[in-house]
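Commentary on secondary and tertiary structure
The primary structure of each chain is shown beneath.
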Amino acid sequence: MHFQIVSPSSCVEIDQIELAQQHLQALGHQVSLAPHMTAQYRYLAGTVEQRLQDLKQACMDPSVDAIWCGRGGTGAAQLLPYLEPWILTKPIIGYSDSTVLLNYVAMHGGQALHAPVFQEIACKNLEQSPISSDALEVIRLLSTERSSSNKNALHTNRYVLSAENAIALQPSSTASIGPAQVLGGNLTVLCCLQGTAHALKLTQPSILMLEDVGEPFYRLERCLTQLLQSIDLSQLTAVVMGDFYQCPQKNVPHSIAQIFAEHLDPLQIPLYQCSSFGHGEHNRPFWIGASGRIEQLQLVIEHG
């Protein structure tokens, strides 16, 4: 496949980008870097115009199979007012600050893959693999969809869950929830969009995936409160927590799961934990906007 690497958010670590490019090309893929990949404007990977130009050019290039965000950080939301249908032409890969693009694409019917950003995928231990297992799964997901002889076929991925509140432990919840649209990503980034024209909207039954990094518990609780007060809770069938990586507890007696459960219990919304995605050691890819269901403490996501 031909991957175009763009950076719609913060400045990239170009050494890591070039190393990942080298390793992925060694596996037989074509990897091209956007013209402004090394640009810098304050802490951003270029001006709004430069980042938008790179993203649009990648989307419009017929030779490009998928667009991989080089880094998260901040800044992707600045592009939202200028997005047009061209953003829906190719799968977009990323997470963290790319959450704003993924959910925009998903809510408009495009393909959005929550997965490691490109500068994270190179492995230093080449005896195992040149790129991470999560990145290899990204390629498998994309390749399976492209090579499927039956265009109506659904491909299934499963993610192990643990129940984190009382309703999630009820027999009705452990048996089956869904089908529902899978949305979400970084909690702080999502909350920064609420109240704007590009806010997360639940227009059908939805499973909300949430993760974060480096935020103290009081900020996470504040963000969760804002999010729950700004979406249609009647459409929220479940919340799945990913990794809340290096989020300082600061002498708080409750875990982050207990805090989330305290808010979701009165709403009768089941809460689950999934250690497979986020900023931590593992960040398994999953399709944002795809159909998902929860059965026997597994999240099952179908895409095709």
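Because the structure is predicted, anything quoted here is derived from the model rather than measured. (Residues numbered from 1 in each chain as written. Predicted model: local features only at pLDDT ≥ 70, side-chain atom pairs only at ≥ 80, totals over all residues. Heavy atoms only, no water.)

1. A closer look at the sheet that holds strand E4 (residues 92-94)
The line we're drawing: For two strands to be treated as a pair, DSSP must find no fewer than two bridges joining them. Counting from the N terminus, the helices are DSSP H or I runs at least four residues long and the strands are E runs at least two residues long. In this analysis an axis means a line fitted to C-alpha atoms, helices contributing only their contacting stretch, and an angle means the value between N-to-C directions, from 0 to 180 degrees. Throughout, a residue-residue contact means that at least one pair of heavy atoms, one from each residue, lies within 4.5 Å.
On the basis of which strands lie adjacent, the open sheet formed by 6 strands has the order E2-E1-E3-E4-E5-E12 and mixed pairing. Two strands in the sheet have a free side with no partner beyond their single neighbour: strand E2 (30-33) and strand E12 (286-288). Each strand axis lies, on average, 30° off the axis of its neighbour in the sheet, ignoring direction. Running at roughly 160° to E2, helix H1 (residues 14-26) makes contact with strand E1 (2-6), E2 and strand E3 (66-69) of the sheet. Most of the contacts of helix H3 (residues 99-107) go to strand E5 (residues 112-114), to which it runs at about 140°, and overall it touches E4, E5 and E12.

2. Comments concerning the state of the cysteines
Note the threshold: Two cysteine sulfur atoms make up a disulfide if the distance between them is within 2.5 Å.
Summed over all chains, the structure comprises 0 disulfides. Unpaired in terms of disulfides, Cys-192 finds its nearest cysteine sulfur in Cys-223, a separation of 6.9 Å.

3. Quick notes on the pairing of E3
We apply this condition: For the exposure calls, accessible area comes from a 1.4 Å probe over protein chains only, and a residue counts as buried if that area is under 20% of its type's maximum, exposed if over 50%, partly exposed in between.
Taking every second residue as pointing to the same face, both faces of E3 are buried, with Ala-66 and Trp-68 on one and Ile-67 and Cys-69 on the other. As paired elements, E3 and E4 share 2 bridges and run parallel to each other. Bridge pairing in E4 links Ile-67 to Ile-92.

4. Digging into the sheet that holds strand E13 (residues 291-295)
Overall, mixed pairing links the 8 strands, which are arranged E6-E14-E13-E8-E9-E10-E11-E7 in an open sheet. Of all strands in the sheet, those with a lone pairing partner are strand E6 (155-160) and strand E7 (162-163), marking the two edges. Inspection of the sheet shows E6 paired to strand E14 (residues 298-303) by 6 bridges, in the antiparallel sense. Within E14, the residue paired with Asn-157 across the bridge is Ile-301. The strands touched by helix H8 (residues 217-230) are strand E9 (206-213) and strand E10 (236-245); relative to E9, the strand with the most contacts, the crossing angle is about 155°. Packed on one face of the sheet, helix H9 (residues 256-264) meets E9, E10 and strand E11 (271-278) and runs near 160° to E10.

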